[in-house]
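Chain and residue survey
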Amino acid sequence: MTYLATSLLLYAEEGAEHALELSDGGLLAEWAWLIPIVPLVLMFAIVFVGKRLPQKGWELAEFSMLFVAVYGVALFVANANGGIHYEGSIEIARIGSLVLEWGWVVDGLSIMMYAVVGVVGLAVFTYAKGYMEGDIRFTWFFASFTLFAGAMLVLVSAPNLVQLIVGWELVGVASYLLIGHWWEDHENNAAAIKAFITNKVADVGLIIGVIIIGVTIGSFRFSDVLEAIANADSGLIQVAFWAGLMLFIGAMGKSAQFPFHVWLPDAMAGPTPVSSLMHAATMVTAGVYLLGRMFPLYQNELFAVDVKTIIIIVGALTLFLTGLIALVQDDIKKVLAYSTLSQLGYMTVAMGAGAYTAGLFHLFTHAFFKGLLFLAAGSVIHAVHSNNMSDMGGLRKFMPSTYWTFLIGSLALAGIFPLAGFWSKDEILDSISQDAGAGGGLVASVVLVVAIAGAFITAFYMARAVYLTFYGEYKGEGQPHESPKIMTYPLIGLAALSAVAGFANMPGIFTGFTDWVGARIIVMGDHHAEAINFLLAGAGLAAAAAGIAIGTRLWRGDRDTQAARDTFRIPVLYPLLERKYYIDDFYLRGIVNTTKGPIARAIDWSNTYVLDGVVNGVGAGAGFMAKIVYGGIDQRGIDLAINAAAAATGEAGEQLRYTTTGRVQQYAWALFAGTILLVVGFLIFN
Amino acid sequence: MEFSDWITDARNIVFLVIAIAIVGSAIRVVTSPNLVHAALMLVVALGGSAALFLMLGAEFVAWTVVLVYIGAVIVLFLFGIMITRAPTGRDSVQLDHERRWPAALVALATFVTIAWATTDSFGVKTISEGVVRAEDIGSVLFTRYVIPFEAVSFVLLAALIGGIVLARKDPEQ
Amino acid sequence: MIVNQFLVLAALLFSIGIYGVLIRRNAVLVLLSVELMLTAVNINFVAFGAFLQDELIAGQVFALFVIAVAAAEVGIGLAIVVLIFRNRSSANIDELDLLKW
C-alpha cells in the first residue's frame, strides 16, 4: 500500500488562499476500503441467502447502506475538521511498465461522494422497502441495488482511471438490471437497452481518453496525472486537448448531456427508488465527478483549456433545451427526469466555467432535493397507481407529508432562499460571471443569461407539477391515502437536508464546503464566490419567483379535468417539445434502423460473399493445389523415383540371388579370391 | 647371400630334400583319386613338417605333430573315410570338380601374393641356431599363456562332447 | 638358413591346400586339405618363432595351440560328415546345396 506525504502544499495558478495542511486521515482512512467492499460482499450474500431471510435480503442491503452512510459522514466530519488526503492501493498486476492497482482514495471529493451515496442511499433503501413491498423480484431488486451502490463507491474511490472505468461499467450494468426490473413489459427492456447502449457509445470517448492519458504518462493513477499536469509534462501537453475532450464525451454519456441525454427519460421505466438514487443523485453525477477529478487538466492553460468552451456550451444547451421539454410532460417522473437533465446541465456549465466548487456543490444539494422529489413522486404514484398527472390532482389533502416534502424539494430546486438550491445555483451563476470576466468572454456571458433563463424555466415547470398533482380536485377513482411511515420518514429526512444543506457554503459567511471539497493534492484554485453577489442572487431569485408566479396563474385553478387545467400551449414550440426535438426519432430512424437494416444487410452480404468467398476460395485453391501435388508431383514424380529405386533393388536382388548356390566350395572360393584381392590392394597402396 | 652360398650349406640341402617331399606329397593329397592314398600322403606331408620343426629347433612341437596329428588326426580321417563310403576303390571322376581352373587361379594368386610379400619383407635374413627346450615351453605355457591354454582345453572339451552328441544314434531307437 | 625359404614353402603348401579345398568333392578330402593348410600355418609360426628367438617363445606355443584346435575341429567336422552321410548315404559336398536360392 502506498502512502502519500502527510503534508502537501501545492499551489495551482489561481492563488494560495487555500493552501491546506492535509492529514492522512488515520485509521478511518486506512479502513476506508471497506466502503465499496461491504456493499459488494453483501450483494453476494443477498443473492445466495437473501430469500431465506425474514426481510428477504432487505436487511443486508439496508445494513450496507447504513454502514456506508455512517462511515461516509464520519469521514465527512473528519474532513471538515481538517482536510484528509489518503490513498491506499494494492498492486494487482503488472503489464510491462503499466501497473494495475486496486485502491481507495480518501480526499475531499471522494468523501463528499461517500457521504452523498451513503445518506441518500440509506433514505432510498429504507423507502424502497415500502415501495417494493410484494414485488415479484424483491430480493433480486435489492441485490442489484446493492451492486449499484458498491459499484458507484468503487467508481468514486478509484485512485486510478482503470478502476474508475471498472466502476463506471458496473454502474452501467446495475442501471441496465434495474431499469429493466419489470422486464415482463417489453418497453422496460427497450429502455434498459437504450440506456446501456447510449452510455456505451459515449464510453468510447472515455476509453480513448483514458488510453491517451495512460500511454502518454505511463501510469493511470490520478496522482500521477495531476503531478504531470503540475510539472507541465510536455508529452501530456500535446495530447491534453484530445484526452480532455474524449473524457468529456465519456462524461456526457453518463451524465446525460445533449445529445446523449436520450436515455434518461426512458430510464424512468424503472422503479422509482432506482430513479431517485441512480438517475438523480448518484450515477448520473459520475460524469461531473470525473470532470471534478480531472479538473486541473481543464484548468491549466497549457492543457485542455479549450475543451472548457465545449463543455460550457454543451452544458448550456442541455440545461435549456431539456428544461423546456419538462414543460410538456404528463408523466410526473418524466418531468423530474428532464429536470434532472437540466440540473446536470447546470453542473456541467459550472465545470466548464472553471467552477470546481460550484459544480460539486450543486451536485451535493441536487442529490438531496432531487432524490427527495423522486421519492415523493413515487409516493404519489404508489397511492394513485398511475404515473400521469392527468390522473392526479388535489392530493394535498390526502397525502400531507408527501405534499410538504415535495413542496420543499420543489422550492429548493427552483432556488428559493434559504433552501439548498438557492445557494448552489447562486454559486454557479457567480462562477459563470467570474469566468465571463476572466477568460470565458462572450460565451460565458451568453451562458449566464441562459442559466438565469433556466432558473425561470425550472421554477415554471415545477410549479406546474406541484399544482397539477396536489391542487384542485382529485380526478381519479377512490381515495388515495398517505404512504406508510417507512416511506414518509425518508422523505422528511431528505427534506430536512434539502433545507439546510445549502448553509454549507454561503459565500462570505461560511464556505466550509469549498474547503472540504478542495482537500486534494492539487488545490483546486477555482472561480468561487468570495462574497454574495447580490445582483446575481437577486436575478436568479427573481427569475424563479417569476416562474412560480406565472405558474400559479396558469395552473393553480381547478377545472373539470386535469387536461383542461393543462391547456397552456405555445403553438410551434410545444409540438416540437412533445416530440423531444425529434432527436429520438432521428436516432431511431437514422442510426438504429440504418444499422439494423441496410448496414447489417451490407455486412451480411460482404461476409457471405466476400469474406466467406475468400475463405472458400482459399480452401478450394488449397484443394486444387493438393491434387496437383499429389497426382503430379507426388505420385508421378517422387513415388516414381522411389518405386523405381525399390524395383531396381528388387531386380538386382532377383538376379544376385543366383550367386547363393548353397555350395560351400564356391563360397570358399569367393572368400579366398576376395581376400587375395584385398591383400594385393593393401600391398599396392601401402 | 648368394644362392651358391646358400646351397653349399648342408642344412639347406636337407631342407630342400624335405621340402620337395612335402610338396610332392601335398600335391598328391589334393589330386589323388584314391581317398586312402590322399590321407596317407598327408601323413608324409606331416612327417616332413615335423622334420622341418626339428631343423628349426622346435623339438617339442615336432613330436607333438607326430603324436597328435599323425597319430590321432589321420587315424580319425581314416575312420571317417571308412565310415562314409560304401565301396573303396577308384572314384576319380566323382572326387574332383570338372572346372578346376578357377581354383587353380586362386591358389596361384595366393601363392604369388604371399611369396612376394615375404620375399619383399624378409629378403635374406637368416635364422640363428638355437634349440628351444621343452622345459621352457612348459614353463611359459603355464605362466604367460595359461589363459589361452585353459581356453583351448575348453575348446577340446566342447569338441569332445559335441562330437559324441552329434555322432551318436538317436536315443529312441 | 634364411627364413624366407620356410615362408615360401609354407606359402606353397597353403596354396596347394586352397586348391584342394576348392576342388575336392568329398567332404573328408576337403577336411584333409584344410589340414594341409593348417600345417602350412604351423611351419610359418615355427619359422618366425625361430627367427625372432623371443622370450615368450610365441611361435612354437601358437603352433601347439593350432594343433590342438585343429584336432578339435577335425573331430567335429568328421562327426558332421558322418551325420550327413547317415542322412544321404553320400559324402558328396555338391549335394549339400539346401541353402540354394
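This report concerns the structure included in the present document. All values derive from a computational prediction rather than experimental measurement.

Each value, and the rule that gives it
Residues numbered from 1 in each chain as written. Chains lettered and ligands numbered in written order. Predicted model: local features only at pLDDT ≥ 70, side-chain atom pairs only at ≥ 80, totals over all residues. Heavy atoms only, no water. Pairing = 2+ DSSP bridges. Helix = DSSP H or I, 4+ residues; strand = E, 2+ residues; numbered from the N terminus. Contact = heavy atoms within 4.5 Å. Buried area = accessible area lost by both parts, 1.4 Å probe. Salt bridge = Lys/Arg side-chain N within 4 Å of Asp/Glu carboxyl O. Nonpolar A, V, L, I, M, F, W, Y, C, P; charged D, E, K, R; others polar. Buried < 20%, exposed > 50% of the residue type's maximum accessible area, 1.4 Å probe, protein only. Polar contact = N/O pair within 3.5 Å; in protein donor to acceptor, adjacent residues only side chain to side chain.

**Looking at the pairing of strand 1 (residues 85-95) of chain A**
All names here are of chain A. Two elements, strand 1 and strand 2 (residues 98-107), share 10 bridges in a ladder whose sense is antiparallel. Paired with isoleucine 95 across the two strands is leucine 98, which belongs to strand 2. Here strand 1 folds back onto strand 2 in antiparallel fashion, the turn holding two residues, of which glycine 96 has a positive phi close to 65°.

**Some thoughts on the interface of chain A and chain B**
With eight residues of chain A in contact, the opposing surface of chain B contributes nine residues. Interface of chain A and chain B: buried area, both sides summed, is about 660 Å²; carbon and sulfur atoms make up 78% of it. For chain A, the biggest contributors to the area lost against chain B are Trp669, Ile676 and Leu683 of chain A; these three give 66% of the whole. Applying the counting criterion to the chain A and chain B interface returns zero salt bridges. For the side of chain A that touches chain B, the per-class residue count stands at seven nonpolar, one polar and no charged.

**Observations concerning the pattern of salt bridges**
Following the criterion strictly, the structure yields 12 salt bridges over all chains and no others. When the shortest N-O distance is used, the salt bridge between arginine 11 of chain B and aspartate 9 of chain B registers 3.2 Å. Residue classification places aspartate 9 of chain B among the partly exposed positions, given a relative accessible area of 23%. Between arginine 133 of chain B and glutamate 135 of chain B there is a salt bridge, with its nearest N and O atoms 3.9 Å apart. Accessibility expressed as a relative area gives 47% for arginine 133 of chain B, which makes it partly exposed. Classification of glutamate 135 of chain B as exposed rests on a relative accessible area of 56%. Each of Glu101, Arg221 and Asp224 of chain A takes part in a single network of salt bridges with overlapping partners.

**Let's talk about the interface of chain C and chain B**
In this assembly, 68 residues from chain C lie in contact with 88 residues from chain B. Linking chain C with chain B are zero salt bridges, by the criterion used here. If you look at where chain C meets chain B, you find 13 residue pairs in polar contact (both at pLDDT 80 or more). Sorting elements by how many residues they give to the side of chain C that touches chain B places helix 3 (residues 58-88) of chain C first, with 24 residues.

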